[in-house]
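Architecture at a glance
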Amino acid sequence: MTRWQQYLQPKTVTEALDALAHSPEPTLLIAGGTDLLLDLDQGRHPPVHTLVDVNSIREMQPIEIHGSELFIGASVPHSKIVASSLVADHAQALAEACNLIGGPQVRNVATLGGNVAHALPAADGTIALMALNAQAEIASSTKGIRQIPLSEIFLGPGKSTLAKDELLVGFHLPLKNKNQASAFKRIMRPQGVALPIINMAIWLERDKDQIADVRVAVGPAGPKPWRALSAESGLRGQHPDNKTATRALELLLSDAQFRTSPRRASADYRRHLVSVLFKDTLQAAWNRAL
Amino acid sequence: MNEITLTVNGKKHTLPAKPGEMLAALLRERLNLTGTKIGCEEAECGSCTVLVDGEPVLSCVYPAVRADGKEIVTIEGLAAEFTAKSAKNAKQELNLGGLRELSGSKVQLHPLQEAFIQHGAVQCGFCIPGQLMTAYALLKRNPDPSREEIRYALKDTLCRCAGYPTIENSILAAAQSLRTGDPIAPPKIQLSAEKHQVIGQVVTRPDAVEKVTGQAKFSDDIKFDGMLYAAVKRAGIPHGILRRLDISKARALPGVVTVLTAEDIPGEHNHGLVVYDWPAIVGLNERVRYVGDSVAIVAAETQEIAEQAVRLIEAEFELQPVVSNPVQARQPESPSLHESGNLLKHIKVRKGNMEQGFADADVIMEHTFHTATTDHAFLEPECSIAVPLPNGRMEIYVGSQIPYEDRQQVARVLDWPEDRIRIVGQLMGGGFGGKEDIAGQIHAAMLANVTGRPVKLLFDRHESLLVHPKRHATQIKVKVGAKKNGCLTAVETELYGDTGAYASLGDKVMTRATTHSAGPYEIPHVRADCYAMYTNNPPAGAFRGFGVTQSAFAVESMMDMLAEKLDIDPVELRRMNALHVGSVTNTGQVLRDSVGLTECIDKVEAEMIRLSGTNDPFKPRPVAGAPHLVRAWGFAAGYKNTGLGGGAPDKAGAEVELYTDGVVEVRTSSAELGQGLVTVLRMIVAEELSMPPEKVRVLVMDTDLTPDGGPTTASRQTYVTGNAARMATQTLRAAMTSTLAEKYDQPPEKIRYIEGLAYVDGHIVSMGDIAVEMKKGGQEPRALYEYWAPETKPLGEGGDMHFAFAFAAQAAEVEVNTNTGEMRVLNVIAANDVGRIVNPLGLEGQVEGGVMMGLGNALTENFIVEEGRVVTDRLARYRIPGIEMTPNIIPIMVEHPTKDGPYGAKGVGEIVSIPTTPAITNAIYNAVGVRVDSLPVDQEQILWGLKYSPK
């Protein structure tokens, strides 16, 4: 089966939106394509006519500071995020997550936008962005450009709220202030598909011996990338000693929906691992926020 | 976009854009740059890596149109990258080891290519373009990488020969050479203790230059004019009767040349290696026995059309209940899959008296183990090209482990005399036992016969995983009796082997599993019963280790359990029971020579104590500063027959010919799958003629041009074909000597051969001139020898069931994370009694690869079939170990020569892999007290085990 009939490589967001609106259907955006092309090949995705490649779009390329925000274009490949000193300074969890995705060849092609748009509940880059409170910039041929909280993109496993005429342009992250830090960790298994059994990103702000503010993202802990809001409340204003962490973890566990994946991990195993990750990741972020 | 303009290896190309085309296809099919390999088309294996604007990418999932305006470097351009851009001074060029010969001209290679050759990193060669391109990108960015940085860069560039440590060392050596301009530092390697001119010395592979430059041709790299492409309609159901088949829509599709069904089979319908039970195509109202059975085959003008045609074929089945495991298969109420029933074979080993044996025991233990089905995952998927010739014959280009067997099986189905078919064996991107059975040979031949045109049948990774025979899943019960002092009194085993839908080599594999199921120990009373059962799973057949991988896991786990119960050191327990010269094996064979097991055990133990810095390496040791990480060592031993044994005639033919240009060619049909037979043959001939190995050409795997070397299986080729080549060369040498003796009127014993020249009474005669002289005298300067290995006896008759055994001991150090159940292997010490070291570079590659395959068998590999349906039908779901999982591997070669082996050598291909799995699982037990009795290791079960039953 021919994977595509027409392959377009627009240079601007406007051109891309135009291509989406006016090309022979079915039309689909493609970023790195390291997942999408395989899904098409292996029949997991219905056939397409037109692929609109976003890798040459100028507005989606930069990693740069816009005022009080770090902007990361959706077409930036993982390897560039890993190598970026701006990302290392302001979004360490994201650099850590992107460094664990795939192998070097895949990271040279696969993009952060693709990672997010795929809408998987445990995508490493996505989980890091969730903890970093990213806003997604979306361009639409009808509604213009808008920013929404990242979490609003996700509908369910593999399903996003992005409409057919919409384009994920990039991500806005608050710059890191003094006493703030983030960390990402995950646990894999050596058999079967190379997806994490569980992953976690934590961002926090430290006020001397207390956690002033914190965000905890976990995957897969439900159908969508998930923030442990009650655990965050349990941590805020507290010193992260063992007692606090244990209490917060209980809150996390009571809210999270861990499921059993046959031949990969039972829900119980995930609950156990999240406890390990939670303490490790919290500790890492806390130590970095000095 | 209508056109693509891209620069490839410095040359600009403008081509029309093709819908759906990936960069790999553009390079391979339109630019004929076939050095870039396709191993999976899933972005998993890394074989297709090329550089795009300096960065490594996977060209199999990179749309070709995206390369527009970009600069591409492929393996074919790597050598030029060095001469053009990196060689800053002439000194460096000269120092690299000089020029290499490639297709008749001299080329300067990149230091990475040189290092891969000199260090022996090249084995089958299929992954090498990917390894080199990934490494090249790394060195451009980082001229002085650490081992960790190399592993990071090569994380997803898989090598199934798994010479990862050597690949790593090659990259370090190349980096150093690039930085300093000095020659490539030679590898540190153990040479033979016995001094020979060539044998036991470092000699590089004859095909290495082609393999590092992308010039080596594998089957799918070959094209013929007018060639058609084939595809196979697979049943897709595990068990049923084919009730309706409609090929009309497929036939009507433009571009389809023919569609064939079982009705079109000219000759016998079934094929098979020992038992003819496997239908070439399942016919109407016949039984489908597994998802990979074929019901129709298509030849079309393009691959795409052929695949589309297959989707248009309609097949309906009357579904039957599925037999999904061998224990179920033996139940009387299970449906019968073959006319003979579900029992392929009940295999029995009997020695002594079991009642007596267990009565003599102070301790009796019993435990049942399970091993998973595993896949060879050779990186080159199966490919056959059948080419009909005007004279009515047919050539089949294929990478096959048994070319003459292919010929026979194809002839049988076509109803042709065998000599009407010529198998032209091609380079193989790995085999490991998985290329012994028929894959596409028969289908390609049938289609070529009907269409009169060449037909290529290439499996993709998905089809490869579904169709070819696997390693048998087993259930093995071991009951052992021992005295308090550790002396074994009795071992009783019961094995079930899942041979899947068809016999393949199931009988032989499970026989080996059974005869070896009590381990490499001298035991007075032994009984083993094995049931090799048909099921509706993919067939199981030969896979490196040939059943012994499975039984070694069971018995070596049991040895550690016994050691603990008796409170005896597990190494000591093995040593006191170890087979030695004079021992009688379970099958009644007296071992007369070459039993280096005790030396293997002693050397591994000593190295383990040295490396661990403790006298109790089996005690768990928490990592300082990270007490949740616990380390311990584990130990295992093993043995494996060399050769077919069991009464099968084991012979090989080899022919050597001296040419007037001084080159000697050695010819045999024996197969080269990456293991290094071609190097071994070159070395043997060079040794026997006292000539430089580079002057020996090796031709293998051609049923018209090379004598039958028999199957490349059972670790037999160094021994059997090696002996054939040696004796053929000795015959040739005698003829050469007598020609010279006559011409110069000298006694033959006065003639000396030194470095490719003959010295006769003050005259110096070149090899080429000897050939001229022989021809003048009316004598052809060649010799053919058919070597028959020592006779063996069938199981049950006592005497020599095998003519040699290789022995091994391994120790593995693991680190278990007690918080998560995760683990990694840190060190593996592997001692192997190989008889005599023939080819040290190749041998080290075998040890590294064998250990990694054993590690994969323990930790990553699990071919999952549920109710006959394959779950792990993509490489993404069937993981093989990568470089990041590679432990520090310490090879130790032990040389106890065997009388009839060439220079004393015996087989090594399988023994190197056998003790690894139990050494790892024993180490896990020693670290955290959880006994793994089912493979592969499941980290979740480790965690629950240590949480709920702490040691």
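Residues numbered from 1 in each chain as written. Chains lettered and ligands numbered in written order. Predicted model: local features only at pLDDT ≥ 70, side-chain atom pairs only at ≥ 80, totals over all residues. Heavy atoms only, no water.

1. Brief notes about the pattern of salt bridges
Opposite charge on two side chains permits pairing when their charged atoms draw close. Residues and elements named next belong to chain B. Worth spelling out the cut-off: Salt bridges are defined by distance alone: a side-chain nitrogen of Lys or Arg within 4 Å of a carboxyl oxygen of Asp or Glu. The numbering of helices and of strands both runs from the N terminus, where a helix is a DSSP run of H or I of at least 4 residues and a strand a run of E of at least 2. Using a 1.4 Å probe on the protein chains alone, a residue whose accessible area is under 20% of its type maximum counts as buried, one over 50% counts as exposed, and one in between counts as partly exposed.
For the coordinates displayed, the defined rule picks out 76 salt bridges over all chains. Of the charged contacts, one joins Glu316 and Arg244 as a salt bridge, the two residues approaching to 3.0 Å between their closest N and O atoms. Remark: Arg244 occurs in strand E9 (residues 240-246) and Glu316 occurs in strand E15 (residues 314-319); sequence separation between them is 72 residues. Overall, Arg244 belongs to the partly exposed group, its relative accessible area being 32%. As a salt-bridge pair, Arg575 and Glu605 come within 3.0 Å of each other at their nearest N and O atoms. Residue Arg575 is located in helix H18 (residues 570-577), and its partner Glu605 is located in helix H19 (residues 597-612); the two are separated by 30 residues in the primary sequence.

2. A short note on the side chain of B:Arg874
Our working rule: For the purpose of counting charges, residues Lys and Arg are taken to be positive, whereas Asp and Glu are taken to be negative. His and the chain ends are not included. Side-chain atoms alone can form a polar contact between residues adjacent in sequence; in general such a contact is a pair of N or O atoms within 3.5 Å, and within protein one must be able to donate a hydrogen while the other accepts it. Note on definitions: a residue-residue contact is assigned when non-hydrogen atoms from the two residues lie within 4.5 Å.
Relative to the helices and strands, B:Arg874 is located in the loop between strand E37 (869-870) and strand E38 (888-894). Buried charged residue B:Arg874 carries no salt bridge. Nearest counter-charge: B:Asp873, at 4.5 Å. Among the polar contacts listed, one links the side chain of B:Arg874 to the side chain of A:Gln42, at a separation of 3.4 Å. Discounting chain neighbours no more than four positions away, the residues touching B:Arg874 are A:Gln42, B:Glu42, B:His462 and B:Leu465.

3. Considering the domain arrangement of chain A
The test is simple: These domain boundaries are the output of an automatic or database domain assignment.
For chain A, the assigned domains read domain 1 (6-52), domain 2 (62-174) and domain 3 (183-288). Centre-to-centre separation of domain 1 of chain A and domain 3 of chain A, based on C-alpha positions: 35 Å.

4. Brief notes about the interface of chain B and chain A
It is common to report an interface's size as the accessible area lost on association of the parts. Quick note on the threshold: Two parts lose some accessible area (1.4 Å probe) when they are put together, and adding that loss for both gives the buried area. Charged residues are taken to be Asp, Glu, Lys and Arg, nonpolar residues to be Ala, Val, Leu, Ile, Met, Phe, Trp, Tyr, Cys and Pro, and polar residues to be all remaining types, Gly included.
Across the contact, 49 residues belong to chain B and 46 residues belong to chain A. Of the roughly 3,800 Å² buried between chain B and chain A, counting both surfaces, carbon and sulfur atoms make up 52%. Viewed at the interface, chain A and chain B are joined by four salt bridges. Where chain B packs against chain A, one counts 25 residue pairs in polar contact (both at pLDDT 80 or more). Those elements that provide at least two residues to the side of chain B that touches chain A are strand E4 (55-58), helix H6 (147-153), helix H10 (303-312) and helix H25 (939-948) of chain B. Sort the elements by how many residues they give to the side of chain B that touches chain A and H25(B) lands first, with five residues. Here the side of chain B that touches chain A is composed, by residue class, of 22 nonpolar, nine polar and 18 charged.

5. As for the sheet that holds strand E2 (residues 27-30) of chain A
Residue and element names in this part refer to chain A. How we decide: Strand pairing follows a simple DSSP-based rule, namely that at least 2 bridges must link the two strands. All axes are obtained by fitting lines to C-alpha atoms, using only the stretch in contact for helices, and the reported angles, taken between N-to-C directions, cover 0 to 180 degrees.
The strand order E1-E3-E2 describes an open sheet built from three strands, whose pairing is parallel. Sheet topology places strand E1 (6-8) and E2 at the edges, where each strand pairs with a single neighbour. For this sheet, the mean angle separating the axes of adjacent strands, direction not counted, is 25°. Pairing of E2 with strand E3 (residues 50-53), which is carried by four bridges, proceeds in the parallel orientation. Of the residues in E3, the one forming a bridge with Leu28 is Leu51.

6. Some words on the nonpolar core
Residues and elements named next belong to chain B. Heads up, the condition is: Nonpolar core, defined: a set of buried Ala, Val, Leu, Ile, Met, Phe, Trp, Tyr and Cys residues in which side-chain atoms within 4.5 Å join the residues together.
Of all hydrophobic cores here, the largest spans 204 residues; its most connected members are Phe116 and Ile942. The biggest single contributor to this core is strand E34 (residues 804-817), with nine residues. Apart from residues lying up to four places away in sequence, Ile942 is in contact with Val816, Gly821, Met823, Ile924, Val928, Val930, Val932 and Val937. Among the nonpolar cores identified, the runner-up in size contains 53 residues, and Val666, Tyr719, Ala771 and Tyr903 belong to it.

7. What about the packing of aromatic side chains?
Residues and elements named next belong to chain B. So the rule is basically this: Centres within 6.5 Å make a pair out of two Phe, Tyr or Trp rings, where for Trp the six-membered ring is used; the pair is then stacked when the planes are under 30 degrees apart, edge-to-face when over 60, and tilted otherwise.
Following the criterion strictly, the structure yields 14 aromatic pairs over all chains and no others. Aromatic pair Trp278 and Tyr502: ring centres 5.2 Å apart, planes at 10°, arrangement stacked. Separated by 224 residues along the polypeptide, Trp278 in strand E12 (residues 278-279) and Tyr502 in the loop between strand E23 (488-500) and helix H16 (506-515) bring together distant segments of the chain. The exposure class assigned to Tyr502 is buried, which follows from its relative accessible area of 0%. Chaining the aromatic ring pairs together yields one cluster made of Trp278, Tyr290 and Tyr502.

8. Considerations on the sheet that holds strand E27 (residues 651-658) of chain B
Residues and elements named next belong to chain B. The mixed open sheet is built from four strands, whose spatial order is E29-E28-E27-E33. Here the strands that pair on one side only, and so sit at the sheet edges, are strand E29 (696-700) and strand E33 (782-788). In this sheet, neighbouring strand axes are inclined to one another by 20° on average, regardless of whether the strands run parallel or antiparallel. Two elements, E27 and E33, share seven bridges in a ladder whose sense is antiparallel. Note on E33: the bridge partner recorded for Ala654 is Tyr785. Of the strands in this sheet, E27, strand E28 (664-668) and E29 touch helix H20 (residues 677-689), which is tilted by about 135° from E29.

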